[in-house]
Amino acid sequence: MDYILILISAVFVNNIVLAQFLGICPFFGVSNKVSTSIGMSGAVLFVMTIATMATYLLHQYVLMPAGLEYLRTITFILVIAALVQMVEIILKKVSPPLYQALGVFLPLITTNCAVLGVAILALGLEDVSLLKAVFYAIANSIGFGLALIIFASIREQMELAEVPKGMKGVPINLIIAGLLSMAFLGFTGLV
Amino acid sequence: MESTVNKKETFLRGIVAENPVFVMLLGMCPTLGVTTSGFNGLGMGVATAFVLLMSNIVVSQVKTQIPSKVRIPAFIIIIASFVTIVEMVLEAYIPFLYEQLGIFIPLIVVNCLILGRAEAFASKNNLLDSIIDALGMGLGFIIALTLLGAVREILGSGSLFGMSFVPENASTFIIFILPPGAFIALAFLSAIFNKIPTK
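Calculation notes
- Residues numbered from 1 in each chain as written.
- Chains lettered and ligands numbered in written order.
- Predicted model: local features only at pLDDT ≥ 70, side-chain atom pairs only at ≥ 80, totals over all residues.
- Helix = DSSP H or I, 4+ residues; strand = E, 2+ residues; numbered from the N terminus.
- Rg over C-alpha atoms; globule rule 2.2 N^0.38 Å.
- Buried ≥ 20, exposed ≤ 12 C-beta atoms within 10 Å, placed from the backbone.
- Contact = placed C-beta atoms within 7 Å.
- Nonpolar A, V, L, I, M, F, W, Y, C, P; charged D, E, K, R; others polar.
- Axes fitted to C-alpha atoms, helices over the stretch in contact; angles between N-to-C directions.
- Parallel < 35°, antiparallel > 145°, perpendicular 65-115°, else oblique.
- Left-handed = near helix turned anticlockwise from the far one by under 90°.
- Core = buried A, V, L, I, M, F, W, Y, C linked by C-beta atoms within 7 Å.
- Expected span 1.5 Å × (residues − 1).
- Bend = angle between axes of the 7 residues up to and from the residue.
- pLDDT = per-residue confidence, 0-100.

1. Looking at the overall build of chain B
Working step 1: When helices and strands are tallied, chain B shows eight helices and two strands.
Working step 2: Starting at the N terminus, the α and β elements of chain B follow one another as α-α-α-α-α-α-α-β-β-α.
Working step 3: Taking 199 residues into account, the globule formula puts the C-alpha radius of gyration at 16 Å, and chain B, at 18 Å, falls close to it.
Working step 4: Taken along its principal axes, the extent of the C-alpha atoms in chain B is 60 × 45 × 25 Å.
Working step 5: The buried share among the 199 residues of chain B stands at 48%.
Working step 6: Looking at chain B alone, contacts between residues at least 24 apart form 75% of all its contacts between residues at least 6 apart.

Below you can see the structure in the form of structure tokens.
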């Protein structure tokens, strides 16, 4: 039951992009085509899950016993950056087709604040365990993917629409995101 | 004479023509996430500007010692160190703001504005120019966040910097302090801002 609540809360109610404002850069950056947004979502799912697992273990078994919690920010970002590099190298060797699909997005992910954000937020969950933290990461990356793919589909349609001159480009995209976020607000109270 | 003009341009560039938020769209996560009031926006802006200034100073000093292949991780460590300092100082001295900004304080590390300036400017220029660049960009960021926070606070809760100017129980546009309002307020501000340089 706990896990279902985490899933619904992360995907709909507290959507990581539309309600918590994490991962906004890729949300606007790679959302002009549905196909690229699917690739990005896959890469985020992959990296976020592994990163949360690694940072959770690091926090639980190294930082906490040593009383070094204040080094959290520095160590987490280093682990994530190293991990992204490693995933890139391993994928290239082990699974070229997967690398083809996700490769270009991987370097972008280091500075995706959703990954670091989820890694830190996962530590604050109620009686957190490794399984719960990882599940939380998976649920949040699904939420990220859902928001990104819906947004990209709307943007593809918007190319045909006539937008007032002053609102072209960034402003109209922000308005779309605002309306989408308003739609997701409808899920409030579900959990 | 020529160098002073350049310095002035470097400084002013960050505030209007290349405003990090309204024009370059850097550092969007904290911009949207914490600006529920003018004070929060100001606090976040100052914290980020401080990290930006310090990291620009350090990067411009060590740029020749860092091999170019590992420069990005090296920059990230420099930035993360200053973020940790900010985190500890805020927690100790301004716990109210620390709680309000929450997760977005450690996330200053991944603010693309800071890494972007380190990579694009401080790693190529001398100390003084890097400081000027950081001050300009930092001020641009502070102005943008404070403005967005103030607009959302005025519309959403009918107050400015905590001082209310509507009667109690008056109905305000609550939507502006909820997440959708962040996107919509920023959309209109950046549309207005796009008009300024073209005049």
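2. Describing the overall build of chain A
Working step 1: Along the backbone of chain A there are nine helices and zero strands.
Working step 2: Counted from the first residue to the last, chain A has its helices and strands arranged as α-α-α-α-α-α-α-α-α.
Working step 3: Structurally, chain A occupies a C-alpha span of about 60 × 45 × 30 Å along its principal axes.
Working step 4: Burial analysis of chain A (191 residues in total) assigns 39% to the buried set.
Working step 5: For chain A, the share of sequence-separated contacts (at least 6 apart) that also reach a separation of at least 24 residues comes to 77%.

3. Focus: the interface of chain A and chain B
Working step 1: On the side of chain B, 32 residues touch chain A, which itself brings 30 residues to the contact.
Working step 2: At the level of elements, helix 2 (24-29), helix 4 (72-94), helix 7 (113-123) and helix 9 (170-185) of chain A are the ones that each hand at least two residues to the side of chain A that touches chain B.
Working step 3: Top element by residues in the side of chain A that touches chain B is helix 9 of chain A. It accounts for nine residues.
Working step 4: When its residues are assigned to classes, the side of chain A that touches chain B shows 24 nonpolar, six polar and no charged.

4. Notes on the packing of helix 3 (residues 34-66) of chain A against helix 8 (residues 130-158) of chain A
Residue and element names in this part refer to chain A.
Working step 1: In contact at an axis separation of 9 Å, helix 3 and helix 8 are set at 165° when each is read in the N-to-C sense. Taken together, the axis directions place helix 3 and helix 8 in an arrangement best described as roughly antiparallel. Crossing of helix 3 over helix 8 shows right-handed handedness.
Working step 2: Classifying every residue of the contact of helix 3 with helix 8 gives 17 nonpolar, eight polar and one charged.

5. Describing unusual backbone geometry
It is generally the case that most residues other than glycine have a negative phi and that most peptide bonds are trans.
Residues and elements named next belong to chain A.
Working step 1: Despite not being glycine, Phe 21 shows a phi value in the positive range, around 60°.
Working step 2: Looking at where Phe 21 falls in the secondary structure, it is placed in the loop between helix 1 (2-13) and helix 2.
Working step 3: Using a count of 28 C-beta atoms within 10 Å as the deciding quantity, one classes Phe 21 as buried.

6. Re the environment of Leu 128 of chain B
Working step 1: Relative to the helices and strands, Leu 128 of chain B is located in helix 7 (residues 127-157).
Working step 2: When the C-alpha positions of Leu 128 of chain B and Met 28 of chain B are compared, they lie 28 Å apart, and in sequence the two are 100 residues distant.

7. Description of the packing of helix 4 of chain A against helix 4 (residues 71-93) of chain B
Helix-helix packing is described using two parameters, namely the angle between the two axes and the distance between the axes.
Working step 1: The geometry of helix 4 of chain A relative to helix 4 of chain B is characterised by a closest axis approach of 8 Å and an angle of 155° between their N-to-C directions. Classified by the interaxial angle, the pair formed by helix 4 of chain A and helix 4 of chain B is roughly antiparallel. Where helix 4 of chain A crosses over helix 4 of chain B, the handedness of that crossing is right-handed. On the side of helix 4 of chain A, the interface is formed by Thr 73, Ile 74, Ile 77, Leu 78 and Ala 81 of chain A, while helix 4 of chain B contributes Pro 73, Ile 76, Ile 77, Ala 80, Ser 81, Val 83, Thr 84 and Glu 87 of chain B.
Working step 2: Across the contact of helix 4 of chain A with helix 4 of chain B, the residue classes tally to nine nonpolar, three polar and one charged.

8. Some points on the nonpolar core
Most often, soluble globular proteins keep nonpolar side chains buried together rather than apart.
Working step 1: Ranked by internal contacts, the top residues of the largest apolar core, which has 105 residues, are Ala 114, Val 115 and Leu 116 of chain A together with Val 51, Ile 79, Leu 107 and Val 109 of chain B.
Working step 2: Here Leu 107 of chain B is in contact with Cys 113, Leu 116 and Gly 117 of chain A together with Cys 29 and Pro 30 of chain B, once residues within four sequence places are set aside.

9. Considering helix 3 of chain A
Residue and element names in this part refer to chain A.
Working step 1: Taking 1.5 Å of rise per residue, 33 residues should cover 48 Å, and helix 3 covers 46 Å from first to last C-alpha, within 8% of that figure.
Working step 2: Helix geometry: helix 3 is bent most strongly at His 59, by close to 40°.
Working step 3: Residue Gly 67 follows helix 3 closely and has a positive phi angle near 70°.

10. Focus on the confidence of the model for chain B
All names here are of chain B.
Working step 1: Here chain B shows a mean pLDDT of 84. Residues at 70 or above account for 95%.
Working step 2: No element of chain B has a lower mean pLDDT than helix 1 (residues 2-13), which averages 69, and none a higher one than helix 3 (residues 38-62), which averages 90.
Working step 3: Scored as a complex, the prediction yields pTM 0.84 and ipTM 0.83.

11. Quick word on the environment of Ile 177 of chain B
Residues and elements named next belong to chain B.
Working step 1: Counting through the fold element by element, Ile 177 comes out in the loop between strand 2 (163-164) and helix 8 (179-198).
Working step 2: A count of 18 C-beta atoms within 10 Å places Ile 177 in the partly exposed class.
Working step 3: Those residues within four positions of Ile 177 in sequence are excluded, and the remaining contacts are Thr 36, Arg 152, Gly 156 and Ser 157.

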